[in-house]
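Residues per chain, in single letters:
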Amino acid sequence: MQSAATLLKLVTLVKTKMLTANHLVVAGLTPMTTLDFPDHLACVVFTQGCPLRCGYCHNPQMLPNAPQDASPNWQVIETFLTSRIGLLEAVVFSGGEPTSQPALLPAVIQAHQLGFKVGLHTSGINPSRLESLLPYLSWVGLDIKAEPANYQAVTGRPGVAVKAEQSLSLLQTSKVDYEVRTTLHPKDFDLAAINSLLNWLASKQVKKVALQVARAGQCLSPAYQSISQPFLTSELTAIIQQQAVNFSQLLLRD
Ligand code: SF4
C-alpha cells in the first residue's frame, strides 16, 4: 500500500513539473475503438514496458522499457487528443503495463483535464500507483491472471498475486467501475481450473468478469505458440451458464 508521504511526494513531483506526461514512453496509439472502454468511443494509448512474462503475451515488442523505433511520443499523443475533443469520449491507457511508469499519472491527469473519461488496462502489479490514479479514472480492466497459487506459473514472476489482490481491493473500495479479465491458455488452465478461478473470484465479490481465450501464434513463449488441445466453445459456454448466477456479467470475449 502506498504511504501518504509517498503519494504526496509523487503529487508534488507532478505539480512542480519535474515529472511530466512527456516522460511517458509510448508504444503506440489506436485512434478509435468501441471495444476497449465499455459503451464509449475511445482511443487507446499503449505504453512501453512490462515486468511480467506471461507465456501467451501477444505484445512482446512492448515488454522492453526502452522506446522503440517509430513509436509516437507524448507530444504527438497530446496533439491527437486535443484534436479529438468532442469527438472521442474516453482515453484508455493500455500496454505493456501502464502503471510501470511514474509518468502515467501526469498523462492521465492531462487526459482527464482535456475532458475525456480515462480508462486503464492493468495487471494490478503496482497497487500504490493505481491508488494515485483512481481519482482520475472512470473505468479499469483488471487482469487477474489466475488463482494465487498459479500466478507465478502464468506470469513468470514471483510476488505478483499479492499485488494484484491489493489492486482488486483498492478498486472495490473505490467508486471506479471495473471488470476483471482473464486470458485462458490450455497451458495455464484446464476446465477445472477455470471453474475454480471463477469460484475464487465470486468469493472475492467480483461482479463483472470477461474471459478471453488466448490465440496460438505470436506468443511470447514458443511453448504457447501451438495449442494441441484447444478449449471447445461448448465446454466454455457450459461453465459460463453454470457460473452466471454468481456474477452480474460473465462473458466470453473474442
Ligand atoms: S500479457 Fe503479461 S507480459 Fe504481456 S503485456 Fe500483458 S501483463 Fe505484460
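Treat the numbers as computed from the prediction; the structure is a model and nothing was measured. (Residues numbered from 1 in each chain as written. Predicted model: local features only at pLDDT ≥ 70, side-chain atom pairs only at ≥ 80, totals over all residues.)

Chemist: Residue-level account of helix α7 (residues 191-203), with values.
Modeler: Here α7 is 13 residues long and its end C-alpha atoms lie 19 Å apart, about the 18 Å a rise of 1.5 Å per residue gives. All buried positions along α7 are accounted for by Ile-194, Leu-197, Leu-198 and Leu-201. In a view along the axis of α7, the buried residues occupy a sector of 95°, so they form one face of it. In α7, the exposed positions that point more than 90 degrees away from the buried face belong to Ala-192 and Ser-203. On its buried side, α7 packs onto β6 (177-184), β7 (208-213) and α8 (233-243). Note on α7: the residue one or two positions beyond its end, Gln-205, has a positive phi of about 65°. (Helix = DSSP H or I, 4+ residues; strand = E, 2+ residues; numbered from the N terminus. Expected span 1.5 Å × (residues − 1). Buried ≥ 20, exposed ≤ 12 C-beta atoms within 10 Å, placed from the backbone. Arc of directions from axis to C-beta. Contact = placed C-beta atoms within 7 Å.)

Chemist: Give a detailed account of the site of the ligand, specifying residues and quantitative values.
Modeler: Taken together, Cys-50, Leu-52, Arg-53, Cys-54, Cys-57, Asn-59, Met-62, Gly-95, Gly-96, Glu-97 and Ser-123 make up the full set of residues near the ligand. Of the residues belonging to the shell around the ligand, the class tally is five nonpolar, four polar and two charged. (Near = placed C-beta within 6 Å. Nonpolar A, V, L, I, M, F, W, Y, C, P; charged D, E, K, R; others polar.)

Chemist: Could you give an account of the packing of α7 against α8, naming the residues involved and the relevant values?
Modeler: α8 packs onto α7 with a crossing angle of 25° between their chain directions and a minimal axis gap of 11 Å. With respect to their mutual orientation, α7 and α8 come out roughly parallel. The way α7 lies across α8 gives a crossing that is right-handed. From α7, Leu-191, Ile-194, Asn-195 and Leu-198 reach across to α8, where they touch Glu-235, Ile-239 and Gln-243. Here the contact of α7 with α8 is composed, by residue class, of four nonpolar, two polar and one charged. (Axes fitted to C-alpha atoms, helices over the stretch in contact; angles between N-to-C directions. Parallel < 35°, antiparallel > 145°, perpendicular 65-115°, else oblique. Left-handed = near helix turned anticlockwise from the far one by under 90°.)

Chemist: How would you summarise the pairing of strand β8 (residues 249-253) if you had to cite specific residues and measurements?
Modeler: Bridge analysis of β7 against β8 gives five bridges, and the strand direction is parallel. Bridging from a neighbouring strand, Val-209 pairs with Leu-250 of β8. Between β7 and its parallel partner β8, the chain crosses via α8, and the hand of that crossover is right-handed. (Pairing = 2+ DSSP bridges. Right-handed = clockwise from strand over helix to strand, strands pointing away.)

Chemist: Pulling in residues and values, what's your account of the pairing of strand β2 (residues 42-47)?
Modeler: With respect to burial, β2 is a largely interior element, six of its six residues being buried. In β2, alternate side chains face the same way, and those of Ala-42, Val-44 and Phe-46 on one face and Cys-43, Val-45 and Thr-47 on the other are all buried. Strand direction decides the pairing type here: strand β1 (residues 26-33) and β2, joined by five bridges, are antiparallel. Bridged to Thr-33 within β2 is Ala-42. Bridging between β2 and strand β3 (residues 90-94) involves five bridges; their strand directions are parallel. Along β3, the bridge assignment pairs Val-45 with Phe-93. Taken together, β2, helix α2 (residues 74-83) and β3 form a β-α-β motif whose crossover is right-handed.

Chemist: How would you explain the sheet that holds β8 if you had to name every residue and give the values?
Modeler: With respect to topology, eight strands assemble into an open sheet ordered β1-β2-β3-β4-β5-β6-β7-β8, the strand pairing being mixed. Taken across any chain shown, the strands that pair with only one partner, and hence form the sheet edges, are β1 and β8. When strand polarity is set aside, the average angle formed by the axes of neighbouring strands in this sheet is 20°.

Chemist: So what's going on with the environment of Glu-165? Residues and values would help.
Modeler: Looking at the secondary structure, you find Glu-165 in helix α6 (residues 160-173). Assessed through the 16 C-beta atoms surrounding it within 10 Å, Glu-165 is described here as partly exposed. Sequence spacing of Glu-165 and Arg-215 is 50 residues, and the spatial spacing of their C-alpha atoms is 26 Å.

Chemist: Tell me about α2, and name the residues and values.
Modeler: Turning to α2, its buried residues are Trp-74, Ile-77 and Leu-81. Here the buried residues of α2 occupy an arc of 55° about the axis, which is enough to place them on one side. In α2, those exposed residues whose orientation departs by more than 90 degrees from the buried face are Gln-75, Val-76, Thr-79, Thr-82 and Ser-83. Residues of α2 that are buried in the fold lie against β1, β2, β3 and α3 (104-113).

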